[in-house]
Amino acid sequence: MPHPEYQTAVIIKEAGGPEVLVAEQVPVQSPGPGEVLIRVSAAGVNRHDVHQRAAGKHSDGQAVPGLEVCGEVVAAGEGVRGVAEGERVMALVQGGGYGQYVTANAGLVMPAPDTLSDAEAAGIPEAVFTTWWNFFNLMSLEKDQFALFHGGTSGVGHIALQAMSALGYNVLATCGSEKKVSAALNFGAKAAFLYDDPDLADKVLAATGGKGISALLDVSAGAHVAQDLKMMAPDGMMAHLSGGGGASLSVPLRDIMAKRIRITGSLLRPLPLARKIAVAKMIRADVWPLLGRQVRPQIEGRFDFRRAADAHRMMENNSHIGKIILDVVHD
């Protein structure tokens, strides 16, 4: 299927605020071995994009942000199997999602279900890859344990709550307002609390029947670490998703030692491709059958992709519940 040599894409001109996101003409990349080229119809906006913009280009040199898309496969590189030209797909990408065309490894591409719109499908990949990698690979969560997600109504959190609860996992959440607490319960949280509640740990322990949290996913750069340690189960694990702009984590060693708590963290983007493909296989088996039925993104805001700056302003306002999506138009 033919595609143009150039495309409109939103690039990060320099490190700074939302105003540094500018739509320009850039070349369309050809898919390499094992890759496909996607004509993008919608792209998800994630906190990672905001951090990348604030810092300037990503460390891999990518100036076009965007980690998840929905669109149509228009070309396939050498050795691609299982993904066909003309197929409507959703994909996790290594940046480049804020453009009209993007390449993706075929192992990180899956069919976009008819039960989801393009905008909804675009909001799925980053959330489910983040959730499945951290809870079920990094922390090995089991059904008889309790999990907690700090930020249960975020773009990742609200999908994680839906998918994990649908599969029978006991997942709790913290949120920044009573409105978000109510929303988290509707998304499937077994219990939800304000993250700044001074009695948070005691309330979480009570909600778990005294067992505590075995797998905790933290997007707050350790802002609640004292409460976190108190609510953890013996041999529990805490995984961090945000470096907090270079923040350090100070924790009392005795509290870690008493319960044998393990503290780790990860960045999804630099995760080796083989590990991402393994996670994708889990997602196809576990999550894909739920999409549009028991799992559906709540879209808080939709913007023409050339207005990505406005989408970032909404993200940084921190009042949204669910996903922010860019509609990618083709002139």
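Residues numbered from 1 in each chain as written. Predicted model: local features only at pLDDT ≥ 70, side-chain atom pairs only at ≥ 80, totals over all residues. Heavy atoms only, no water.

A.B. asks: What am I meant to see in the overall build of the protein chain here?
C.D. replies: A count of helical and extended segments in the protein chain gives ten helices and 15 strands. Since a compact globule built from 331 residues should have a radius of gyration of about 20 Å, the 20 Å found for the protein chain is in line with a globular shape. For the protein chain, the spread of C-alpha atoms along the principal axes amounts to about 60 × 40 × 35 Å. Per-residue burial for the protein chain yields a buried fraction of 54% across its 331 residues. Summarising the internal contacts of the protein chain: among those between residues at least 6 apart in sequence, 68% fall at separations of at least 24. Only carbon and sulfur atoms are counted for the fraction: they give 51% of the accessible area of the protein chain, which is about 13700 Å². The centroid of the 30 positive side-chain charges in the protein chain is displaced by 4 Å from the centroid of its 34 negative side-chain charges. (Helix = DSSP H or I, 4+ residues; strand = E, 2+ residues; numbered from the N terminus. Rg over C-alpha atoms; globule rule 2.2 N^0.38 Å. Buried < 20%, exposed > 50% of the residue type's maximum accessible area, 1.4 Å probe, protein only. Contact = heavy atoms within 4.5 Å. Areas by Shrake-Rupley, 256 points an atom, 1.4 Å probe, with all protein chains shown as cover. Lys, Arg positive; Asp, Glu negative; His and termini not counted. Charge placed at Lys NZ, Arg CZ, Asp CG, Glu CD.)

A.B. asks: It is not clear to me how the pattern of salt bridges should be interpreted in this structure. Could you clarify?
C.D. replies: Opposite charge on two side chains makes pairing possible when the charged atoms of those side chains draw close. Under the criterion given, the structure shown has 13 salt bridges. Here Asp118 ties to Arg88 by a salt bridge, and the two come within 2.6 Å at their closest N and O atoms. Here Asp118, found in helix H2 (residues 118–122), pairs with Arg88, found in strand E5 (residues 88–92); they are 30 residues apart in sequence, far enough to count as distant. A relative accessible area of 29% means that Asp118 is categorised as partly exposed. Between Asp310 and Arg307 there is a salt bridge whose closest N-O contact spans 3.0 Å. One network of salt bridges, in which partners are shared, links Asp304, Arg306 and Asp331. (Salt bridge = Lys/Arg side-chain N within 4 Å of Asp/Glu carboxyl O.)

A.B. asks: Teacher, can you tell me more about the domain arrangement of the protein chain here?
C.D. replies: Where the parts come together, the accessible area they lose is often given as the size of the interface. The domain boundaries assigned to the protein chain delineate domain 1 (6–123 + 297–327) and domain 2 (127–265). A C-alpha centroid distance of 28 Å is found between domain 1 and domain 2. Domain 1 puts 14 residues into the contact, and the matching count from domain 2 is twelve residues. Between domain 1 and domain 2 the total buried area reaches about 910 Å² when both faces are included, carbon and sulfur atoms providing 64% of it. In terms of surface lost to domain 2, no three residues of domain 1 exceed Leu92, Ile321 and Gly322, which account for 41% of the buried area on that side. Linking domain 1 with domain 2 are zero salt bridges, by the criterion used here. Across the domain 1-domain 2 interface, the total number found is three residue pairs in polar contact (both at pLDDT 80 or more). (Domains from an automatic or database assignment. Buried area = accessible area lost by both parts, 1.4 Å probe. Polar contact = N/O pair within 3.5 Å; in protein donor to acceptor, adjacent residues only side chain to side chain.)

A.B. asks: So what exactly am I meant to see when it comes to helix H6 (residues 200–207) here?
C.D. replies: Note on helix geometry: an α-helix contains 3.6 residues per turn, so any two residues three or four positions apart are oriented the same way. Inspection of H6 places Leu200, Ala201 and Val204 among the buried residues, and these make up the whole buried set. One side of H6 holds all its buried residues, which, seen down the axis, span an arc of 95°. Buried residues along H6 sit in contact with strand E8 (146–150), strand E9 (170–175), strand E10 (192–194), strand E11 (213–218) and helix H7 (225–231). Just past H6, the residue Gly209 takes up positive phi, approximately 65°. (Arc of directions from axis to C-beta.)

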